[in-house]
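The lines below spell out each chain.
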Number of protein chains: 2
Amino acid sequence: MRKPRYLRMMDAGPAWAALRAAVRVAEPRAEEEIPVEAAAGRIAAAPVHAAMSSPSFQAAAMDGFAVRAADTEEASEAHPIRLALDRAARPIDTGDPIPDGFDAVVKIEDVQIPEGSGEIEITRALVPWHNVRLVGEDIIQGDMIVARGRRITPFDLGALLSAGLTTVRVRRRPRVVLLPTGDEIVEPGSARARARGAIIEFNTRMLAGMVEEWGGEPVRLAPIRDDPAALEAAVRAALAHADCVVVNAGSSAGADDYTPDVIGRVGRLLVHGVNLMPGKPTVLGVTSDGRALLGLPGYPVSCVVAAERFLAPLLAHLLGTAAPVRERVRALLARKTASKIGHEEVVRVQLARVGERYVAHPLGRGAGIITSLTRAAGLLGIDALSEGLSAGSEVEVELLRPRAEVDRTLLHVGSHDLALDLLADLLPARSLVSVHVGSIGGLVALGHGLCHFAGTHLIDPESGDYNLAYVRRYAGGRAVTLVELVRRQQGLIVAPGNPLGLRGLGDLVRPGVRFVNRQRGAGTRLLLDLRLAQAGLDAGAIAGYQREEPTHMAVAVAVQAEAADAGLGVQAAARALGLDFVPLEWERYDLALPTEELAGLGDLVDLVRSDTFRAAATGLGGYDPGQSGRIVAQLAPS
Amino acid sequence: MRKPRYLRMMDAGPAWAALRAAVRVAEPRAEEEIPVEAAAGRIAAAPVHAAMSSPSFQAAAMDGFAVRAADTEEASEAHPIRLALDRAARPIDTGDPIPDGFDAVVKIEDVQIPEGSGEIEITRALVPWHNVRLVGEDIIQGDMIVARGRRITPFDLGALLSAGLTTVRVRRRPRVVLLPTGDEIVEPGSARARARGAIIEFNTRMLAGMVEEWGGEPVRLAPIRDDPAALEAAVRAALAHADCVVVNAGSSAGADDYTPDVIGRVGRLLVHGVNLMPGKPTVLGVTSDGRALLGLPGYPVSCVVAAERFLAPLLAHLLGTAAPVRERVRALLARKTASKIGHEEVVRVQLARVGERYVAHPLGRGAGIITSLTRAAGLLGIDALSEGLSAGSEVEVELLRPRAEVDRTLLHVGSHDLALDLLADLLPARSLVSVHVGSIGGLVALGHGLCHFAGTHLIDPESGDYNLAYVRRYAGGRAVTLVELVRRQQGLIVAPGNPLGLRGLGDLVRPGVRFVNRQRGAGTRLLLDLRLAQAGLDAGAIAGYQREEPTHMAVAVAVQAEAADAGLGVQAAARALGLDFVPLEWERYDLALPTEELAGLGDLVDLVRSDTFRAAATGLGGYDPGQSGRIVAQLAPS
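Parameters and conventions
- Residues numbered from 1 in each chain as written.
- Chains lettered and ligands numbered in written order.
- Predicted model: local features only at pLDDT ≥ 70, side-chain atom pairs only at ≥ 80, totals over all residues.
- Heavy atoms only, no water.
- Helix = DSSP H or I, 4+ residues; strand = E, 2+ residues; numbered from the N terminus.
- Rg over C-alpha atoms; globule rule 2.2 N^0.38 Å.
- Contact = heavy atoms within 4.5 Å.
- Areas by Shrake-Rupley, 256 points an atom, 1.4 Å probe, with all protein chains shown as cover.
- Lys, Arg positive; Asp, Glu negative; His and termini not counted.
- Charge placed at Lys NZ, Arg CZ, Asp CG, Glu CD.
- Least-squares fit on C-alpha atoms with pLDDT ≥ 70 in both.
- Buried area = accessible area lost by both parts, 1.4 Å probe.
- Salt bridge = Lys/Arg side-chain N within 4 Å of Asp/Glu carboxyl O.
- Polar contact = N/O pair within 3.5 Å; in protein donor to acceptor, adjacent residues only side chain to side chain.
- Nonpolar A, V, L, I, M, F, W, Y, C, P; charged D, E, K, R; others polar.
- Buried < 20%, exposed > 50% of the residue type's maximum accessible area, 1.4 Å probe, protein only.
- Pairing = 2+ DSSP bridges.
- pLDDT = per-residue confidence, 0-100.
- Right-handed = clockwise from strand over helix to strand, strands pointing away.
- Phe/Tyr/Trp six-rings, centres within 6.5 Å; stacked < 30°, edge-to-face > 60°.
- Lys NZ or Arg CZ within 6 Å of the ring centre and 35° of its normal.
- Axes fitted to C-alpha atoms, helices over the stretch in contact; angles between N-to-C directions.
- Arc of directions from axis to C-beta.
- Parallel < 35°, antiparallel > 145°, perpendicular 65-115°, else oblique.

Caption draft 1: Representation of the overall build of chain A in the model. For chain A, the count of helices and strands is 16 helices and 38 strands. Here chain A has a C-alpha radius of gyration of 34 Å; the compact-globule value for 638 residues is 26 Å, and the former is much larger. Dimensions of chain A, computed from C-alpha atoms along their principal axes, come out at roughly 110 × 70 × 45 Å. Taking the contacts inside chain A whose residues are at least 6 apart along the sequence as the reference set, 74% of them involve residues at least 24 apart. Working note: accessible area of chain A is about 24,400 Å², and carbon and sulfur atoms make up 50% of it. Put simply, chain A has 68 plus and 76 minus side-chain charges, and the middle of one group is 9 Å from the middle of the other.

Caption draft 2: Region of the structure containing the relation of the copies chain A and chain B. When chain A is fitted to chain B, the best match, at an RMSD of 0.1 Å, comes from turning it 180 degrees and sliding it 0.0 Å along the axis. These values place the two chain copies in the arrangement generated by a two-fold rotation axis. The position closest to the rotation axis in chain A is occupied by the C-alpha of A:Glu327, lying 3.8 Å away. Interface overlap between copies is the fraction of interface residues in one copy that are interface residues in the other; for chain A against chain B it reaches 100%, indicating a shared surface.

Caption draft 3: Representation of the interface of chain A and chain B in the model. Counting from both sides, the interface comprises 105 residues of chain A and, opposite them, 105 residues of chain B. Here chain A and chain B share an interface that buries about 8,300 Å² over both sides, 61% of which is from carbon and sulfur atoms. Joining chain A to chain B, the criterion identifies eight salt bridges. Between B:Arg205 and A:Glu37 there is a salt bridge; the shortest N-O distance is 2.7 Å. There are 20 residue pairs in polar contact (both at pLDDT 80 or more) connecting chain A and chain B. With eight residues, helix 2 (residues 154–162) of chain A is the single largest residue contributor to the side of chain A that touches chain B. Among the residues forming the side of chain A that touches chain B, the class breakdown is 54 nonpolar, 20 polar and 31 charged.

Caption draft 4: Looking closely at helix 4 (residues 228–238) of chain B. All names here are of chain B. Every buried residue of helix 4 is listed here: Ala230, Leu231, Glu232, Ala234, Val235 and Ala238. Structurally, helix 4 contributes buried residues whose contacts are with strand 13 (175–180), strand 17 (244–248), helix 5 (259–266) and strand 21 (292–296). Taking the backbone nitrogen of Ala229 as reference, a side-chain oxygen 2.9 Å away marks Asp227 as the first, capping residue of helix 4.

Caption draft 5: Focus on the sheet that holds strand 8 (residues 111–112) of chain B. All names here are of chain B. Here three strands make up an open sheet; going across it, the order is 5-9-8 and the pairing antiparallel. The strands lining the two open edges of the sheet, one partner per strand, are strand 5 (81–84) and strand 8. Note: strand 8 against strand 9 (residues 119–122), two bridges, orientation antiparallel. Looking across to strand 9, one finds that Val111 is bridged to Ile122.

Caption draft 6: Spotlight on the pattern of salt bridges. Applying the stated criterion across every chain, the model contains 96 salt bridges over all chains. The closest approach of N and O atoms between A:Arg225 and A:Asp227, which form a salt bridge, is 3.0 Å. Residue B:Arg403 is joined to B:Glu327 by a salt bridge in which the shortest nitrogen-to-oxygen separation is 3.1 Å. Here B:Arg403, found in helix 8 (residues 403–407), pairs with B:Glu327, found in the loop between helix 6 (300–319) and strand 22 (328–333); they are 76 residues apart in sequence, far enough to count as distant. Overall, B:Arg403 belongs to the partly exposed group, its relative accessible area being 31%. The network of salt bridges with shared partners includes A:Glu308, A:Arg326, A:Arg328, A:Arg330, A:Glu394, A:Glu396 and A:Glu398.

Caption draft 7: Seen up close, the confidence of the model for chain A. Per-residue confidence for chain A averages 94 on the pLDDT scale, and 99% of its residues sit at or above 70. The complex prediction reports pTM at 0.93, with the ipTM value standing at 0.93.

Caption draft 8: Just the side chain of A:Ser162, in detail. Inspection of the secondary structure assignment puts A:Ser162 in helix 2. Those residues within four positions of A:Ser162 in sequence are excluded, and the remaining contacts are A:Met52, A:Ser54, A:Ile139, B:Ile200 and B:Phe202.

Caption draft 9: Layout of the pairing of strand 30 (residues 431–436) of chain A. Residue and element names in this part refer to chain A. The pairing of strand 29 (residues 409–414) with strand 30 spans six bridges and is classified as parallel. Counted as the bridge partner of Gly414 is His436 from strand 30. After leaving strand 29, the chain enters helix 9 (residues 418–426) and then returns to the sheet as strand 30, a path that is right-handed.

Caption draft 10: Structural context of the side chain of B:Asn131. Residue and element names in this part refer to chain B. Relative to the helices and strands, Asn131 resides in the loop between strand 9 and strand 10 (132–133). Judged by relative accessible area, which is 18%, Asn131 ranks as buried. Only 3.2 Å separates the side chain of Asn131 from the backbone oxygen of Val105, close enough to count as a polar contact. Excluding residues that lie within four positions of it along the chain, Asn131 makes contacts with Ala59, Ala60, Ala61, Met62, Val105 and Lys107.

Caption draft 11: Quick look at the packing of aromatic side chains. Under the definition given, this model contains one aromatic pair over all chains. When the ring of A:Tyr470 is compared with that of A:Tyr474, the centres are 6.5 Å apart and the planes differ by 10 degrees; the resulting orientation is stacked. Residue A:Tyr470 and its partner A:Tyr474 are located together in helix 11 (residues 468–474), separated by four residues, close to a single helical turn. Overall, the relative accessible area of 3% leaves A:Tyr470 in the buried class. By relative accessible area, A:Tyr474 is classed as partly exposed at 30%. Over the face of the ring belonging to A:Tyr470 we find A:Arg473, whose NZ or CZ atom lies 5.1 Å from the ring centre. We note B:Arg68 situated over the ring of B:Phe102; from NZ or CZ to the ring centre the distance is 4.4 Å.

Caption draft 12: View of the environment of B:Val513. Relative to the assigned elements, B:Val513 resides in the loop between strand 32 (480–494) and strand 33 (515–518). Taking the C-alpha atoms as reference points, B:Val513 and B:Ala566, separated by 53 residues in sequence, lie 7.6 Å from one another.

Caption draft 13: Region of interest: the sheet that holds strand 6 (residues 90–92) of chain A. All names here are of chain A. Within the open sheet, the three strands sit side by side as 6-4-7. Their pairing is antiparallel. Looking at strand neighbours, the two that pair on one side only are strand 6 and strand 7 (104–107), the edges of this open sheet. Averaged over all neighbouring strand pairs, the angle between strand axes comes to 40 degrees, with direction disregarded. Examined bridge by bridge, strand 4 (residues 64–67) and strand 6 share three bridges and lie antiparallel to one another. By the bridge assignment for strand 6, Phe65 is matched with Pro91.

Caption draft 14: Looking closely at helix 5 (residues 259–266) of chain A. The complete set of buried residues in helix 5 of chain A reads A:Thr259, A:Pro260, A:Val262, A:Ile263 and A:Val266. One side of helix 5 of chain A holds all its buried residues, which, seen down the axis, span an arc of 165 degrees.

Caption draft 15: Layout of the packing of helix 3 (residues 203–213) of chain A against helix 2 (residues 154–162) of chain B. Put simply, helix 3 of chain A and helix 2 of chain B touch, their axes get as near as 8 Å, and they point 170 degrees apart. Classified by the interaxial angle, the pair formed by helix 3 of chain A and helix 2 of chain B is roughly antiparallel. Along its contact with helix 3 of chain A, which presents A:Arg205, A:Met206, A:Gly209, A:Met210 and A:Glu213, the element helix 2 of chain B presents B:Pro154, B:Phe155, B:Leu157, B:Gly158 and B:Leu161. Here the residues of the contact of helix 3 of chain A with helix 2 of chain B sort into six nonpolar, two polar and two charged.

Caption draft 16: Here's a closer look at the environment of A:Arg430. Residue and element names in this part refer to chain A. The residue Arg430 is located in the loop between helix 9 and strand 30 in this model. Taking relative accessible area as the criterion, Arg430 reaches 22% and is therefore assigned partly exposed. Taking C-alpha positions, Arg430 is 6.7 Å from Leu410, a pair spaced 20 residues apart along the chain. For Arg430, the contacting residues outside a window of four places in its chain are Arg408, Leu410, Gly600, Leu601 and Asp603. A distance of 2.6 Å separates a polar atom in the side chain of Arg430 from the backbone oxygen of Gly600. Polar contacts involving the side chain of Arg430 include one to the side chain of Asp603, which spans 2.7 Å.

Written out as structure tokens, the structure reads:
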């Protein structure tokens, strides 16, 4: 077994420069002639000149009568003149050609038609070509309608057709062959998709969508097994019809990572390993005739980040366009975000407009967490020379979602609860996103204006009541209204059939019982610690007390996966995974809302009070929405 | 012939509100199940929950060895422990399943493999699940992967496939039937496309592209003649398979405008005429079962503006999404822009970043000028209560092109010359756009920092030299470098064969000779007036001296269309339209560049000096690029 060794580590900027310099772009670029009607989004291969003028004839610009301007010279309010219909005045509609010998149009509103006279009466002199659209008013034959290299818009289709063109020469879309590789990779929906050790192939499906957005033509092939000869043969075969081959993955430096070697054998290896996180195991190479060979990482977020960094500009380079650039906003960073010096880093962030500013909450950093991308509204780059960013920094965030959608996003920070998913689904006009940092973290964020509202279920050891004391302690600087979201049952989440026969917290100290805990600051952790103390139980005696998971569902999944025997959580989490549940007690989960923002959160509160929400919450199991929406307290700032 | 009468004029806001209220949206919306791989860009019809967790098994997060954490408890740098290969340590690669009974992974970098020992050596204790990706680390079975109403991204495809889903329920794309109407309308490429009075159908082609961008499914039909019965039958037939029918045009109030009546007969007429410019002749109606019937204006810009105002939000409403919103920038308005009170107006603007700010130059306002849309980089809305905007106002502009492209745009304001099109085509990395306001207008704009450079050819009556005196007079506040673009021949543009036998300016005063002039402030106009004065000719005696066109090409087209017999202009314009040319004199056309910006304009100056540009200029005819790129003068600010 060899140790990992990246053959040619480089920073991302020089890595792209090396690839760009080595890739050969045909001049002129390959092109094709296609119908104008199919050209939206394509890149013009050459300047397009009008084949004819538009309008191509002198036309009426108004509804009225075509006349000769010379005939109207004497007309005035005081001395109207009359023109004989047909001979000197012809009825005409907007867009009709001006009859030969006529040179102006009088608007229908500006004439009188004395009944039975066969004439019209005009009270104003016209200059030649008055109310006439002249030939070429819009487009003159020979005008450049579309510049070389322009991305053709739907409006351009109009101008091209109007200028008498029915086809247009566009740059051929670069063909990108996507080649998944790996013994563990199985196709979605195949019989093996649920087998242990199988990984469903989806990276090349994402890449295909991205390549299309970037103007390329993706071709996906079936997965190749981890066999260097088979992989080399597949890459060589793909080159028969590819402008670029992307191998995914095998690009790291493990025992079965053949991609760098294969790319080195088929062409020339330029880069193996990039100082980019995620995205490090990236391979860049080039064939002897200058076509790019990419090896992208297997972890999906690494794959996406590396593709955006290298494949997007490559396609733009091949097409002769600028690389795509996303809209950016300045935002306040909600949490300290450390970064490794020497590595450029791409952090996925949740984003919302809170008051007058955007607030960015970093999401999970794991390269394997595809949901950190799907849940993200933006990307935050941290450059290689930075050790990271402190909380409260002003940062620039690239938007992954339309800005208008970000502006409509309602941001919850706090404790995780399944009823929040119901709110997110049922809130009609807004996106609701949740950052799960536990109840105390949510109240702190609320106090600092880093979210729209916080969900909290913190029991006060002294009073036994929920939340009020904690709001005063952690968000006391603001006026806060506490609204009850729901009551819910906490208990032990255990394997189906409760094989260890657990009945209560006392059983957690039994030998052989493996517990899975929640993180400090979580309401459920606080509840556990309080009840353990009240029962005189020693937390240190519980196996697994140190193992912390951030949500009820993560606790449940640890039990489902047999990595633990029990965890404290809500019934709905157990039910969602087909696990058993030992109910212990009911607790109240409240929403803490800034009182001065209550009016803007009316839709949320209305939803919490609605029958729709109550029915859905009841359906989760272990939830009592009988008092949902009740105002628990309004707390003045301390 | 009846006078125009809009039946139900409304402001745009209330008009949309009326349509929105009358349209019936099925609840739940019509949906369909499609493969995940085809779902990018579609709208999720329901919340999508994970069918399985991801990872679906405990997997190695690193390349190394699977071990039991309990076996490593005693390991330290001082006291390494050894684990037997196979029994206590199994080689494992990233992503491989953790073998039964094992619960941690030690990285390959962190072990020694004493040769021939059959063991590995570890110097650090591991906690359980160290370097293990736990089941559900990314996605937990039952998690909501995609919220109802979300537009599915390529990243979402990854999450959906990873969660074990192969199909997804999405909202059916609303089907929009596009029905062109008008006796004068002909299909592109048809034999009649060049006939006098024919108008090439292109509005529904643009609309089809727009409907696709907005998530609808466009269906284009063949044009219907101006016959109310035929139109009514076509609309009724279209309704058999449409969620919305768009008739284009016949929506105004002329004799052949049947659309409002037809929509009123097929359904209920809600709106006829909107206080929107362009876009006034818009018809909105609804069928008895709540499907929208739209009549859009025939002028292409009106058609686009009305579609953006009514069809885009309608599709969003039918899909249950928010209407699309474009990125906006604050810009300085370069020119006074009047507007009619009581009408909301949409002005197309050219846009560039000049220094630290964006500058917006309004384009032609004509509703028939499709090129005012294709040339525009942005849209500027003027509300109904405004009389217009003064020059220098700060305005908000909606971007029609990517902001990065606007940031790369080089803005020329000044005299029109065909060699500028060559520069635009040959400048590799930037978009060059031109605003044609004549030489003096360009120098004034340069003086005010409203452009990157100005093109000028102004003869000084006193010295007979070009441009220097004018730069001092109109742009004297800045240091300016004059660079020669080209010499070009001015002369009379006349009909093929020069049927009137014109030889010089003296012939323009001959009876029966119809002249077409350039606007005041244009260099060509100045030249004409100077030479007329020098020759003692009376401008008032020239028929058509009052008729002004803004470019050489517009002058040439007036001659081509037989609306004039002669105009003063460059040879290339005559040649482009197959006209004859009577050469009169050579003149110099210079580029005026701000001296402090010269470095940033180096690519432009290099291009002017290149053989490529010189060859292309020579090819135009009547151009002498022998001294192109020469620095004529560097003028200090006065």
